[in-house]
Amino acid sequence: MQSHDHATSAQVGAFVLEDSAGIDTRSGGDGVVVCRITGDLDIESLAPVKKALTEVLRGNRLVVVDLAQVAFCDSSGLNMLLTARADALATGAVLRLAAISPPVERLLEITGAAAAFDVRPTVQAAIAELT
């Protein structure tokens, strides 16, 4: 299997919100995009993050959402992730969550939503097995 180093890929886009949340998207080529989300995912910070996720799901075969730096996620953030999952299914893309932070992990567990997602321990693990 060919090894890919997506951590050093060219930056595609970055959106930083006022002390709330941010998203940094990097393309690894071959239809693979990694989206690193930082900060709080709540009703007040979701619009740019949701827009960026919607855009990268078009025309890519694998979108990895790196959640290691998410400090807080409420039900609106969970809804955004579930919507992204549905969008991925509709477009034929694969959506994987990677390196989920403890607050996101807890939310997925208590809501039962963890079963709906393909969760990998690291971004590298999410990229390693392309489907």
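Everything below is about the structure printed above this text.
Residues numbered from 1 in each chain as written. Predicted model: local features only at pLDDT ≥ 70, side-chain atom pairs only at ≥ 80, totals over all residues. Heavy atoms only, no water.

### Some thoughts on the packing of helix H1 (residues 46-57) against helix H2 (residues 75-91)
Step number 1: Where H1 contacts H2, the two axes come as close as 10 Å, and the packing angle between them is 15°. Compared by their axis directions, H1 and H2 come out roughly parallel. Both H1 and H2 take part in a crossing whose hand is right-handed. The segment H1 lies against H2, with Leu46, Val49, Lys50, Leu53, Thr54 and Leu57 engaging Ser76, Gly77, Met80, Ala84, Asp87, Ala88 and Thr91.
Step number 2: Taken together, the residues that form the contact of H1 with H2 break down as 7 nonpolar, 4 polar and 2 charged. (Axes fitted to C-alpha atoms, helices over the stretch in contact; angles between N-to-C directions. Helix = DSSP H or I, 4+ residues; strand = E, 2+ residues; numbered from the N terminus. Parallel < 35°, antiparallel > 145°, perpendicular 65-115°, else oblique. Left-handed = near helix turned anticlockwise from the far one by under 90°. Contact = heavy atoms within 4.5 Å. Nonpolar A, V, L, I, M, F, W, Y, C, P; charged D, E, K, R; others polar.)

### Focus on the pattern of salt bridges
Should the charged atoms of two oppositely charged side chains come close, the side chains can pair.
Step number 1: Per the stated rule, a full pass over the model turns up 5 salt bridges.
Step number 2: A salt bridge links arginine 26 to aspartate 24, with the nearest nitrogen and oxygen atoms 3.1 Å apart.
Step number 3: Look at arginine 26 and you get partly exposed, because its relative accessible area is 23%.
Step number 4: Residue class for aspartate 24 comes out buried when judged on its relative accessible area of 13%.
Step number 5: A salt bridge links aspartate 118 to arginine 96, with the shortest nitrogen-to-oxygen separation between them at 2.9 Å. (Salt bridge = Lys/Arg side-chain N within 4 Å of Asp/Glu carboxyl O. Buried < 20%, exposed > 50% of the residue type's maximum accessible area, 1.4 Å probe, protein only.)

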